[in-house]
Amino acid sequence: MSAYFEFLLRMGDNTLILGHRVSEWCGHAPVIEEDIALANTALDLIGQTQLWLGLAAEVEDKGRTADDLAMLRDAWDFRNVLMVEKPNGDFGQTLMRQFLFDAFHLEMLKGLTTSSKPRVAEIAAKAVKEVQYHVERSGDTVIGLGDGTAESHARMQDALNFMWPYVGEMFASDDVDAEMLSTGIAPDLTQLRIAFDAHVGAVMADATLTIPDSTFAHKGGKSGFQHTEHLGHILTQMQWLQRAYPGASW
Amino acid sequence: MKNEWPLWEVFIRGQHGMSHRHVGSLHAADEESAIKNARDVYTRRNEGVSIWVVEARHIAASSPSEKGPLYEPSESKVYRHPTFFDIPDEVGAM
């Protein structure tokens, strides 16, 4: 597996799995406005998945399509970070996960707009506009609920404590990231972390939430070494139709 | 429901229109989230280039029961319609 292909899988699998997770709220959000907003976000992410996995399939050059990569791989072949497969929990936990991922995603996409690979730069330029909105919306909601009632504040602090150990993996550089950086394909993760910390720090301060004093990070998602137990359950739901009726389409 | 967010009326200016038109209403906690909700609820299909929101309680409305005195007097004044004039072709679209 080439490093470039693996990097594209990471981008596409992050948006695919998070898009699926967020879509689980469809019809269940606390108010209809949030329901529609979450569905829009999920659709944006699935749309980005088509582009990333479509490019990944071309780069792999083994005759697979974006659909094949999304619907016919098993858990150990996925390269998404662990955070995006964590369960939705309550609305606060979903929005906290969304904000933390969006804040990373925004910096990553900004960096990718100047990628040495023109196709990557083009996809990033399209996606960054969507994600700019995602992070504004999720950030405002984190502030609104964090600096809200005693109940909402407590739930958001719980959500932050729960999600924080999954932040580190997004910025942990490995051989794939090192090769992406040295070939000018993707930005430097340590630089992204600086921008991320400034952004997240400001939002959490406004939200009156305390970032846990810990750098412990669960790992194994983006390397595919060890996903959480939740990924397999997502895949059974997401892939069952293609598994039960191979090639089905409409 | 006691904790219901306030109601907002939403006005969208379309791709080709010069004026904002009322498209519907929604609930939101404050004006910023009202604009975001309006963006998500009412511009999903590329409908707009500009959004106005106003909290519904700030809109003063005429009363339906005053329909007679308010509107009936104009019914008999056809001369107020500019339909009696021939518009020269040079004027173009109006």
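*Asks:* How would you sum up the nonpolar core? Please name residues and give values.
*Replies:* Among the nonpolar cores identified, the biggest contains 70 residues, and Met83(A), Met96(A), Leu100(A) and Val142(A) are the most heavily contacted of them. Ignoring any residue separated from it by four or fewer positions in sequence, one finds Val142(A) in contact with Leu95(A), Met96(A), Phe99(A), Met156(A), Val203(A) and Ala207(A). Counting 10 residues, the second-largest nonpolar core is a separate cluster that includes Val10(B), Ala28(B), Ala34(B) and Ile51(B).

*Asks:* Which residues make up the interface of chain B and chain A, and what values go with them?
*Replies:* Taken together, the 11 residues of chain B in the interface contact 8 residues of chain A. At the level of secondary structure, the elements contributing two or more residues to the side of chain B that touches chain A comprise strand 2 (20-27) and helix 1 (31-42) of chain B. The element best represented in the side of chain B that touches chain A is helix 1 of chain B, accounting for 6 residues. Taken together, the residues of the side of chain B that touches chain A sort by class into 4 nonpolar, 3 polar and 4 charged.

*Asks:* Before we move on, can you summarise unusual backbone geometry with the specific residues and values?
*Replies:* If you check the backbone angles, Asp61(A) has positive phi at about 60° while not being a glycine. Judged by the 9 C-beta atoms lying within 10 Å of it, Asp61(A) falls in the exposed class. Not every positive phi belongs to a glycine, and Asn46(B) is a case in point at roughly 65°. As for its position among the elements, Asn46(B) is in the loop between helix 1 and strand 3 (48-55). Accessibility expressed as a C-beta count within 10 Å gives 8 for Asn46(B), which makes it exposed.

*Asks:* Give me the lowdown on helix 10 (residues 230-244) of chain A, citing residues and values where you can.
*Replies:* Residues and elements named next belong to chain A. Across its 15 residues, helix 10 extends 21 Å between first and last C-alpha, which sits within 8% of the 21 Å expected from 1.5 Å per residue. Of all bends in helix 10, the biggest is about 50°, found at Met238. For helix 10, every residue scored as buried is listed here: Leu231, Ile234 and Leu235. Elements in contact with the buried residues of helix 10: helix 1 (3-23).

Cut-offs applied
- Residues numbered from 1 in each chain as written.
- Chains lettered and ligands numbered in written order.
- Predicted model: local features only at pLDDT ≥ 70, side-chain atom pairs only at ≥ 80, totals over all residues.
- Core = buried A, V, L, I, M, F, W, Y, C linked by C-beta atoms within 7 Å.
- Buried ≥ 20, exposed ≤ 12 C-beta atoms within 10 Å, placed from the backbone.
- Contact = placed C-beta atoms within 7 Å.
- Helix = DSSP H or I, 4+ residues; strand = E, 2+ residues; numbered from the N terminus.
- Nonpolar A, V, L, I, M, F, W, Y, C, P; charged D, E, K, R; others polar.
- Expected span 1.5 Å × (residues − 1).
- Bend = angle between axes of the 7 residues up to and from the residue.

These values are about where atoms sit, not about what they do.
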